[in-house]
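# Survey of secondary and tertiary structure
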Amino acid sequence: MSLSSVKRLGKRIIDYPEETVAVVSVTEWLRPLFSNPTKRVKGYLLSLFPILGWITRYNLGWLTGDLIAGLTVGIVVVPQGMSYAQLATLPPQYGLYSSFVGVLIYCFFATSKDVSIGPVAVMSLTVAQVIKDVQTHHASEKFTGPEIATALAFICGFIVLGIGLLRLGWLVEFISAPAVSGFMTGSAINIAAGQVPGLMGITGFDTRAATYRVIINTLKGLPRTKLDAAWGLTGLVALYAIRYTCLKLERRFPHRARIFFFISVFRNAFVMLILTLAAWLYCRHRKVHGNYPIKILLTVPSGFKAVKQPTITRKLISALGPKLPVATIILFLEHIAISKSFGRINGYKINPNQELIAIGVTNTIGSCFGAYPATGSFSRSALKSKSGVRTPLAGVYTAIVVIVALYGLTSAFFWIPTAALSAIIIHAVADLVASPAQVYSYWRVSPLEFCIWVAAVLVTIFSSIENGIYTSISASLALLLLRVARPRGAFLGKAAVRPSSGSTVDRDVYLPLTKDGITNPYVKVEAPSPGVLIYKFEESYVYPNSHIVYTAIVDYVKANLRRGKDMSNVKLGDRPWNDPGPRRPGDYESEQRANLKKPILHAVVFDFSAVSHIDTTAVQVLIDVRTEVEKWADHPIEFHFAPIMSPWIRRALVAGGFGLGIPNPWATPEVAPVIPYHKSRLSSQSSKDDLEATGDGKKRQSGTVELEPVVPLDTPFFHLDLGAAVRAAESAARHATPLT
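Residues numbered from 1 in each chain as written. Predicted model: local features only at pLDDT ≥ 70, side-chain atom pairs only at ≥ 80, totals over all residues. Heavy atoms only, no water.

## What about the overall build of the protein chain?
Counting secondary structure elements, the protein chain contains 28 helices and 11 strands. Looking at the 740 residues of the protein chain, the share that counts as buried comes to 46%. Sequence-distant contacts in the protein chain: of pairs separated by 6 or more residues, those separated by 24 or more amount to 79%. When the accessible surface of the protein chain is totalled, it reaches about 38,200 Å², and 62% of it is carbon and sulfur. (Helix = DSSP H or I, 4+ residues; strand = E, 2+ residues; numbered from the N terminus. Buried < 20%, exposed > 50% of the residue type's maximum accessible area, 1.4 Å probe, protein only. Contact = heavy atoms within 4.5 Å. Areas by Shrake-Rupley, 256 points an atom, 1.4 Å probe, with all protein chains shown as cover.)

## A closer look at the pairing of strand E6 (residues 603–607)
With respect to burial, E6 is a largely interior element, five of its five residues being buried. Residues Ala 603, Val 605 and Asp 607 line one face of E6 and the alternating positions Val 604 and Phe 606 line the opposite face, and both faces are buried. Bridge count for strand E5 (residues 532–537) against E6 is five bridges, and the pairing is parallel. Note on E6: the bridge partner recorded for Val 532 is Ala 603. (Pairing = 2+ DSSP bridges.)

## Comments concerning the pattern of salt bridges
Tallied over the entire structure, the rule returns 10 salt bridges. Of the charged contacts, one joins Asp 114 and Lys 113 as a salt bridge, the two residues approaching to 3.0 Å between their closest N and O atoms. Both residues of the pair, Asp 114 and Lys 113, belong to the buried class. A salt bridge links Lys 340 to Glu 173, with the shortest nitrogen-to-oxygen separation between them at 2.2 Å. In this pair, Lys 340 sits in helix H14 (residues 324–346) while Glu 173 sits in the loop between helix H7 (145–165) and helix H8 (177–200), placing the two residues 167 residues apart along the sequence. Taking relative accessible area as the criterion, Lys 340 reaches 26% and is therefore assigned partly exposed. (Salt bridge = Lys/Arg side-chain N within 4 Å of Asp/Glu carboxyl O.)

## Observations concerning a nonpolar patch on the surface
Among the surface-exposed residues, Val 26, Trp 29, Leu 30, Leu 33, Phe 34 and Trp 648 lie close enough to one another that they form a single nonpolar patch of about 610 Å² accessible area. In terms of residue count, the dominant contributor to the nonpolar patch is helix H2 (residues 26–34) (five residues). Tracing the backbone through its elements, the reader meets Val 26 in helix H2. Given a relative accessible area of 40%, Val 26 falls into the partly exposed group. (Patch = residues over 30% accessible without salt bridge, like charges linked within 9 Å, V, L, I, M, F, W, Y side chains within 5 Å.)

## Examining the nonpolar core
Most often, soluble globular proteins keep nonpolar side chains buried together rather than apart. Counting residues in each nonpolar core, the largest one holds 109 residues, and the members touching the most others are Val 78, Leu 320, Phe 332 and Tyr 372. In terms of residue count, H14 provides more of this core than any other element does, 11 residues in total. Counting 34 residues, the second largest nonpolar core, distinct from the first, contains Tyr 535, Val 611, Val 619 and Ala 652. (Core = buried A, V, L, I, M, F, W, Y, C linked by side-chain atoms within 4.5 Å.)

## Observations concerning the UniProt feature "transmembrane region" (unreviewed entry) in the protein chain
Within the UniProt annotation, "transmembrane region" (unreviewed entry) is assigned to residues 94–111, 148–170, 229–247, 259–282, 356–375, 387–407 and 445–462. Along residues 148–170 one finds 78% helix and 0% strand; the C-alpha atoms at either end are 30 Å apart. Between the first and last C-alpha atoms of residues 445–462 the distance is 27 Å; the span itself is 94% helix and 0% strand. (UniProt positions renumbered as here; feature names shortened; annotations may be inferred.)

## Things to note about the sheet that holds E5
Read from one edge of the open sheet, five strands run E4-E3-E5-E6-E7, paired in mixed fashion. On the outer flanks of this sheet lie strand E4 (507–512) and strand E7 (638–642), each paired with one strand and no other. Strand after strand, the sheet turns through a mean of 35° between neighbouring axes, direction not considered. (Axes fitted to C-alpha atoms, helices over the stretch in contact; angles between N-to-C directions.)

## Description of H8
Counted at 1.5 Å a residue, the expected span for H8 with its 24 residues is 34 Å, and the 35 Å between its end C-alpha atoms agrees. Immediately beyond the C-terminal end of H8, within one or two residues, lies Gly 201, with a positive phi of roughly 75°. (Expected span 1.5 Å × (residues − 1).)

## Focus on helix H10 (residues 228–252)
The end-to-end C-alpha distance of H10, which contains 25 residues, comes to 36 Å, matching closely the 36 Å that a straight helix rising 1.5 Å per residue would cover. Those residues of H10 that fall on the buried side of the exposure criterion are Asp 228, Ala 229, Trp 231, Gly 232, Gly 235, Leu 236, Leu 239, Ile 242, Arg 243 and Cys 246.

## Topic: the side chain of Thr 276
Position of Thr 276 among the secondary structure elements: in helix H12 (residues 267–283). For Thr 276, a relative accessible area of 12% puts it in the buried group. A polar contact is formed between the side chain of Thr 276 and the backbone oxygen of Met 272, at a distance of 2.6 Å. Leave out the neighbours within four places in its chain, and Thr 276 touches Ala 412, Trp 415, Ile 416 and Pro 417. (Polar contact = N/O pair within 3.5 Å; in protein donor to acceptor, adjacent residues only side chain to side chain.)

## Observations concerning the pairing of E5
Residues in a regular strand point their side chains to alternate faces of the sheet. E5 sits mainly inside the fold: five of its six residues count as buried. Inspection of the sheet shows strand E3 (residues 489–497) paired to E5 by three bridges, in the antiparallel sense. From the neighbouring strand, Gly 489 faces E5, where its bridge partner is Phe 537.

## Describing the environment of Gly 723
Among the secondary structure elements, Gly 723 is positioned in helix H28 (residues 722–734). The class for Gly 723 is buried, based on a relative accessible area of 14%.

## Considering unusual backbone geometry
Leave glycine aside and you will find that most residues have negative phi; peptide bonds, for their part, are mostly trans. Between Ala 642 and the following residue, Pro 643, the backbone shows a cis peptide bond with an omega angle of -20°. Mapped onto the elements, Pro 643 comes out in the loop between E7 and helix H26 (647–655). Of note in this structure, Arg 167 is not a glycine but carries a positive phi near 60°. Its place among the elements puts Arg 167 in the loop between H7 and H8. The phi angle at Leu 298 is positive, at roughly 70°, despite the residue not being glycine.

## A word on the packing of helix H6 (residues 121–137) against H8
The axes of two packed helices give the description: the angle between them and the distance between them. Packing of H6 against H8 leaves a shortest axis separation of 10 Å and a crossing angle of 65°. Crossing angle aside, the handedness with which H6 passes H8 is left-handed. Of the residues in H8, those touching H6 at Ala 121, Val 122 and Leu 125 are Phe 183, Met 184, Ser 187, Asn 190 and Ile 191. Within the contact of H6 with H8, the residues separate by chemical class into six nonpolar, two polar and no charged. (Left-handed = near helix turned anticlockwise from the far one by under 90°. Nonpolar A, V, L, I, M, F, W, Y, C, P; charged D, E, K, R; others polar.)

## Overview of the packing of aromatic side chains
What the rule picks out here adds up to 35 aromatic pairs. Considering the side-chain rings of Phe 49 and Phe 109, the 5.4 Å spacing of their centres and the 40° angle between planes classify their relative orientation as tilted. Linking Phe 49 in the loop between helix H3 (37–47) and helix H4 (60–87) with Phe 109 in the loop between helix H5 (93–106) and strand E1 (116–118), this pair joins segments that are 60 residues apart in sequence. Accessibility expressed as a relative area gives 39% for Phe 49, which makes it partly exposed. The exposure class assigned to Phe 109 is buried, which follows from its relative accessible area of 12%. Residues Phe 262 and Phe 266 carry aromatic rings whose centres are separated by 6.4 Å and whose planes lie at 35° to one another, so their mutual orientation is tilted. The class of Phe 266 is partly exposed, set by a relative accessible area of 34%. One aromatic cluster is present, built from ring pairs that chain together Phe 491, Tyr 535, Phe 537, Tyr 541, Tyr 556, Phe 606, Phe 608, Phe 639, Phe 641, Phe 658 and Phe 718. Taking NZ or CZ as reference, Arg 284 lies 4.5 Å from the ring centre of Trp 280, over its face. Its end group placed over the ring of Tyr 282, Arg 286 keeps NZ or CZ at 4.3 Å from the ring centre. (Phe/Tyr/Trp six-rings, centres within 6.5 Å; stacked < 30°, edge-to-face > 60°. Lys NZ or Arg CZ within 6 Å of the ring centre and 35° of its normal.)

## Quick notes on the side chain of Arg 267
By the element assignment, Arg 267 lies in helix H12. The buried charged residue Arg 267 lacks any salt bridge partner; its closest oppositely charged side chain belongs to Asp 431, at an N-O distance of 5.5 Å. Polar contacts involving the side chain of Arg 267 include one to the main-chain carbonyl oxygen of Ser 264, which spans 2.6 Å. With residues up to four places along the chain from it excluded, the contact list for Arg 267 reads Leu 239, Ile 242, Arg 243 and His 427. (Lys, Arg positive; Asp, Glu negative; His and termini not counted.)

Written as structure tokens, this is what we have:
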């Protein structure tokens, strides 16, 4: 059997059409993926280290800005790092380990100059819950808190690193901004409520239970308030007093705003210094039975005592398994949200995949230094941005401050009151709570997303952070699927508009026949020519929403357009069960009279301007629509499409038998001139350059303008724009042979 015979047999087996039109091929889609692989691999490897793109141009101006920002963030990150370690139920030095590694490693992989990596409140509380869960359900294994935390950092970092290397950062886009805001607001309230007992010195209950339980138990425990409240409440009041005083002074004396800004920045360090000094003065001679009158940090080991390989065993991985999804999601979700926010504010674009690689590498390497999971911090990133940071290298100067604190200030950390650390946490997480204006904007933009925000906040408060993040993600995905499966669609009509008051030329636009999509209720929208339907999609046409289009068009046709076959002479027994006709025989004539008053359907025009994808199910439903309306009209119907935005949509429609046929002899051919030079300019050129470009890219010497079709002539029912499609359909309706 010859090769040609085999090809013919294969075409018969797959029902290959004898006559085909030119469509895009799979080869054209695959070719860019495999073209010049060496260049693509080199570009991919270089993209892993963005620092190579700017470090060679580093200058003194950048150095000054980075040095100020780095030292400023370093002064804040030291007390915050120890506070968040306390929140994570870890010794304070582990917060410093995470701070050092985070700011140091991130600068080599960052695409954001503003983000500061390190311990954060939400991640710290999650680590505390993971430690509690593992130690409760696997008590026999005797895993320590630091072992669990560093193993969690390694595993989560490795997962996030893999997501970044595989360029799957687009997965983050499935979670809406209100969902993230609701989760963060609920988490901030959860954290603040859990720190109030420490602020007041109240003990005797689980401060990491559901928020409402913590609030109730705190109110019950107010009579047990201890002396720690003197340090905690004083610190919290002082932090807010300094902050708002500096803000007022900045507005009153704008020429000294920079000075007041840095005074406000140093409030954490200043308050911590004063409270530590007060704790030392009060407690140094009041030690009773080995205990001090208030709770203080006590010994903080200097240096990196915990530098070692993280403990990764099969039993520990199994114990961490149920908590890995939520920890991983929080790790990259908060970071991407913060980096995008500051990129938008400061006018640069971040690469989500590279940011995932950055925090993945940071946490993987950090686990060898005893660090627990670290991600982007909103408060420190805002501080870094306002301090005038110029490049990600500012993180190196922050790391120097942390290393100095680790080796030179640990003896002073002994007297830090834990109530003061609670005050710092409460003060920091308050910025994560959405403002009333922000929440109201969610309601104005999208009431459904406002409901998602409320649900995320309530679930986080009344259940847990884990359930809150799952609620946020599930609600976002559900809303996305709802919008895909139930898109808006409308039958369009024509309205004449004038571009400006001084213009005398009107043009036609196509608007919904109903008033739903028109802002001005006095705009008059006329129906298209009798027998022509115009339907607009407002979403990609895919399998979840395909039946909606079928129902809309078929129901409209049967209700408003003439039935081609006279059913008055058809016996009841010959009528289909789903169309039995009137109950009384005398009503058949009135049914036919009403039917004859309706216009005859000739053409259906689909506005595909919002359609970016179409799938097999949707094409099949379009075929079903064509079959059903042609059966109703009892004659062929033209289906026009405009505009076709993707060659793959054109390919799919052609495969379904759409777009083909004999061009309408009364319609004007659809062409578009390509004239790169004005005629007056051509006249000044030499005879050698007296050429005009055509649409096919060739040069021809001619005295006339060459025109080329933008839409191929072998698909006459595909059109460049909606106006051309409607004109072709109306032309077909005007010249159609009347039905007898």
